[in-house]
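Working through the structure, step by step
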Amino acid sequence: EPLSNSKLNEQVQTPSDNKDAVKPTVVFVLGGPGAGKGTQCANIVHEYGWVHLSAGDLLRAERETGSENAAMINNYIKEGKIVP
């Protein structure tokens with residue numbers, strides 16, 4: 001069942017000392033290669049102004065830094081394993 005605009009924009013308060021603190025809405029878009037995840041995420045960004053974080057894009061960006069994490073990422077990929 002598709003979420004309505006009001007449900008998508010709901011803000012949930014977090015149990016913290018700051019009574020104005022808001023827990024962000026997080027949506028995971030899953031699917032196989034070529035399923036249209038990127039297209040749907042672009043539509044969501046355009047329609048709702050949300051931020052799109054792609055795990056693949058983030059991993060590629062970190063690999064380019066040459067950091068200690070980049071080496072770990074490269075090792076997992078080289079071994080054909082899923083990067084934690």
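These numbers were taken from a predicted model, which means no experiment stands behind them.

**Regarding the overall build of the protein**
For the protein, the count of helices and strands is four helices and two strands. In the protein, the succession of helices and strands from N to C terminus is α-β-β-α-α-α. Expressed as a percentage of the 84 residues in the protein, the buried residues total 8%. Contacts spanning at least 24 positions in sequence make up 16% of the contacts within the protein whose residues lie at least 6 apart. Carbon and sulfur atoms provide 54% of the accessible area of the protein, an area that totals close to 7,300 Å².

**What about the packing of aromatic side chains?**
Each pair of aromatic rings is reported with the distance of its centres and the angle of its planes. Considering all chains together, one arrives at one aromatic pair under this definition. Ring plane angle 40 degrees and centroid distance 5.9 Å describe the contact between Tyr48 and Trp50, whose orientation is recorded as tilted. Relative accessible area serves as the criterion here: at 28%, Tyr48 is assigned to the partly exposed category.

**Topic: the pattern of salt bridges**
Summed over the entire model, instances satisfying the criterion amount to two salt bridges. Where Asp57 meets Arg60, a salt bridge forms, and the shortest distance between an N and an O atom there is 2.7 Å. Note that Asp57 and Arg60 are positioned in helix H3 (residues 55–63) at a spacing of three residues, about one turn of the helix. Judged by relative accessible area, Arg60 falls into the partly exposed class, the value being 47%. Measuring nitrogen to oxygen at the nearest pair gives 3.1 Å for the salt bridge that ties Glu79 to Lys81.

**Re the packing of H3 against helix H4 (residues 68–78)**
It is the contact of H3 with H4, at a shortest axis distance of 8 Å, that shows an interaxial angle of 120 degrees. Considered as vectors, H3 and H4 are oriented oblique to each other. Between H3 and H4 the crossing geometry is left-handed. Seen from H3, the contacting residues are Leu59, Glu62 and Arg63; seen from H4, they are Asn69, Ala70, Ile73, Asn74 and Ile77. Looking at the contact of H3 with H4, its residues break down into four nonpolar, two polar and two charged.

**Describing the confidence of the model for the protein**
Put simply, the protein has an average pLDDT of 83, and 79% of its residues get 70 or more. Across residues 1–5, where pLDDT falls below 50, the model places two contacts with residues more than four positions away in sequence or in other chains.

Thresholds applied
- Residues numbered from 1 in each chain as written.
- Predicted model: local features only at pLDDT ≥ 70, side-chain atom pairs only at ≥ 80, totals over all residues.
- Heavy atoms only, no water.
- Helix = DSSP H or I, 4+ residues; strand = E, 2+ residues; numbered from the N terminus.
- Buried < 20%, exposed > 50% of the residue type's maximum accessible area, 1.4 Å probe, protein only.
- Contact = heavy atoms within 4.5 Å.
- Areas by Shrake-Rupley, 256 points an atom, 1.4 Å probe, with all protein chains shown as cover.
- Phe/Tyr/Trp six-rings, centres within 6.5 Å; stacked < 30°, edge-to-face > 60°.
- Salt bridge = Lys/Arg side-chain N within 4 Å of Asp/Glu carboxyl O.
- Axes fitted to C-alpha atoms, helices over the stretch in contact; angles between N-to-C directions.
- Parallel < 35°, antiparallel > 145°, perpendicular 65-115°, else oblique.
- Left-handed = near helix turned anticlockwise from the far one by under 90°.
- Nonpolar A, V, L, I, M, F, W, Y, C, P; charged D, E, K, R; others polar.
- pLDDT = per-residue confidence, 0-100.

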